[in-house]
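# Understanding the architecture of this molecule
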Amino acid sequence: MANDKREGTPAGTFPLGVKREISLIILLLIAFFPSSFTGSAQKLSNYYTAAIMDSGMLYFFFPLDDFQEDVSRSPLIFDISYLSSRDSATVNFSYFLSSADPAVSLVLRTGEGETVCKATKLFIDLENHQKWHHRFSTTVLLSDLAYFFRSVLPPEILIKTKDSHYTYTIKKCRWKKHGSIVSVIIEMIQTNS
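The text that follows walks through the structure, step by step, so that each part is easy to find. Given the structure is predicted, the values throughout are model-derived calculations rather than measurements.

Here is what the cut-offs are and how they apply
Residues numbered from 1 in each chain as written. Predicted model: local features only at pLDDT ≥ 70, side-chain atom pairs only at ≥ 80, totals over all residues. Heavy atoms only, no water. Phe/Tyr/Trp six-rings, centres within 6.5 Å; stacked < 30°, edge-to-face > 60°. Helix = DSSP H or I, 4+ residues; strand = E, 2+ residues; numbered from the N terminus. Buried < 20%, exposed > 50% of the residue type's maximum accessible area, 1.4 Å probe, protein only. Lys, Arg positive; Asp, Glu negative; His and termini not counted. Salt bridge = Lys/Arg side-chain N within 4 Å of Asp/Glu carboxyl O. Polar contact = N/O pair within 3.5 Å; in protein donor to acceptor, adjacent residues only side chain to side chain. Contact = heavy atoms within 4.5 Å.

### Examining the packing of aromatic side chains
- A complete count under the given rule lists 13 aromatic pairs for this structure.
- Between phenylalanine 149 and tryptophan 175, the aromatic rings sit 5.6 Å apart at their centres with planes inclined by 15°, giving stacked as the arrangement. On the criterion of sequence distance, the pair formed by phenylalanine 149 in helix 2 (residues 142-149) and tryptophan 175 in helix 3 (residues 172-192) is long-range, its members being 26 residues apart. No difference in accessibility class separates phenylalanine 149 from tryptophan 175, as the two residues are buried.
- Ring-pair connections join several aromatic residues into one group, and the members of that group are Phe67, Phe78, Phe148, Phe149 and Trp175.

### Describing the side chain of glutamate 69
- Mapped onto the elements, glutamate 69 comes out in strand 2 (residues 56-69).
- Buried charge glutamate 69 goes without a salt bridge, the closest partner of opposite sign being arginine 73 at 7.0 Å.
- Among the polar contacts listed, one links the side chain of glutamate 69 to the backbone nitrogen of valine 71, at a separation of 2.9 Å.
- Residue contacts for glutamate 69: discarding those within four places in its chain leaves Ser74, Tyr166, Thr167 and Tyr168.

Here it is, written out as structure tokens:
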């Protein structure tokens, strides 16, 4: 008589490998779509792009222009590039003034602290005979950038010049949306690096 005992997984259970895969998928979904996204799903590809390079993965964050200078309401426009083989990101930024007042440093300020980064001039150009377009670059540790974008309260960005400083702020509703999205992207980059 043949033995009726069956080999394999008992009825009603998943193999161990499937359980791990499902758990991993659930964890990834939770990480990429935190509770702040439940009201309106955001497509992360609208905020950054990535490409494989010889020296690692290159991430480029599309320009952000939500920060405005407190007095003139002039925008601060900046983009972020990060190569996974490095510990720092490059931040290129533009600001517009009625005078040629070159930046010395860029300061990322949250309620808990600030990060000061030396600014390097890319160009200064007069536009429409009215405003000076200042284009500068700096490097910021990816961990400091992550800290900045994790700020619950809207942070400030300061541009310090030789003679003055300019404070750029963002509205709370804009920060809640864009800050959390960039924070999730940076967290994903850190996890994959």
